[in-house]
Amino acid sequence: MIALLIPVMRADKIAALIENIDQTTDAPHQIYWACTKSSECYDALSELGEFVYTDAGDTWGRRINRLFDLTKEPYVFLGADDVLFHEGWDEHALKAMDSIQGVVAVNDLCNPNGTLALVSRKYINTQGCVDTPGAVIYPGYSHNFSETELFETARKRGKFAYCATSIVEHVHPDAQKAEDDEVYQLGRVHLEEDRALFNSRRHLWT
């Protein structure tokens, strides 16, 4: 029922994340990973027999889009390698999804607006990105504002819900829960460019 789409850049987090998902997710699910070919992440995922899409290096958003295209499940969860799923997250998110069949942002215990979400495949196939048919995330963002556009667009269409009881914790430096490593630093390199792009596009849905 749920495809968990997880671009990964930290090999040391993979095994624990798989175990965490298996222990907390009751709904039928499958994890789909994306990473750089010939990397430690690829080696770890291959050893574990996981499905992995490889590329030469790409953004979180474009990897999410590619994984979406490779999957068939009616719902996809937009994940990352620095999260911790809490018991019942799927039940609560799916219940919230019933009334909207769009985008359900979960409680990440970090950003009050949410950063992670359960998304309906039907929503993406029929509406999705305002000017890029079939895309979950507008592919122009380097990293920042990727989910912000997704959320704002769905909210404008009446297809957005925030589910406080569905907890997928973002183990992030902003919440003093992780080191500010090179992956986070890389994500901030194009912050201002991403902000400018988001602001230039906002008229498309407001």
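Just above sits the structure.
Figured I'd write up the structure that's included with this text. Since this is a predicted model, take the numbers as computed values, not measurements.

Residues Ile-2, Trp-33, Phe-77, Phe-85, Val-104 and Leu-118 are the most contacted members of the largest nonpolar core, which totals 34 residues. Take this core: its biggest share by element is five residues, from helix H4 (residues 89-98). Among all residues touching Leu-118, those that are not within four sequence positions of it are Ile-2, Tyr-75, Val-76, Phe-77, Ala-93, Leu-94, Met-97, Gly-102, Val-103 and Val-104. Grouped together as the second largest cluster of nonpolar side chains are 22 residues, Ala-3, Tyr-32, Val-76 and Leu-150 included.

Another point: the packing of aromatic side chains. The description of two aromatic rings rests on the distance between their centres and on the angle between their planes. Inspection of every chain in the model, using the stated rule, returns eight aromatic pairs. Between Phe-145 and Phe-198 the ring centres are 5.1 Å apart and the planes differ by 25°, which places this aromatic pair in the stacked class. Here the residue Phe-145 occupies a position in the loop between helix H5 (121-126) and helix H6 (146-156), and Phe-198 occupies one in helix H8 (residues 191-201), the gap between them amounting to 53 residues. Phe-145 gets classed as buried once you look at its relative accessible area, which sits at 18%. Ring pairs connect the aromatic residues Phe-77, Phe-85 and Trp-89, which therefore count as one cluster.

A word on the sheet that holds strand E6 (residues 103-107). An order of E3-E2-E1-E4-E7-E6-E8-E5 is seen for the eight strands of this open sheet, with the pairing classed as mixed. In this open sheet, the two edge strands, each paired with only one partner strand, are strand E3 (51-55) and strand E5 (83-85). Between one strand axis and the next, the sheet turns by 35° as a mean value, whatever way the strands run. Here three bridges tie E6 to strand E7 (residues 117-120), and the two strands are oriented antiparallel to one another. Bridge pairing in E7 links Val-104 to Leu-118.

What counts as what
- Residues numbered from 1 in each chain as written.
- Predicted model: local features only at pLDDT ≥ 70, side-chain atom pairs only at ≥ 80, totals over all residues.
- Heavy atoms only, no water.
- Core = buried A, V, L, I, M, F, W, Y, C linked by side-chain atoms within 4.5 Å.
- Buried < 20%, exposed > 50% of the residue type's maximum accessible area, 1.4 Å probe, protein only.
- Helix = DSSP H or I, 4+ residues; strand = E, 2+ residues; numbered from the N terminus.
- Contact = heavy atoms within 4.5 Å.
- Phe/Tyr/Trp six-rings, centres within 6.5 Å; stacked < 30°, edge-to-face > 60°.
- Pairing = 2+ DSSP bridges.
- Axes fitted to C-alpha atoms, helices over the stretch in contact; angles between N-to-C directions.

Taken by themselves, the reported measurements are silent on function.
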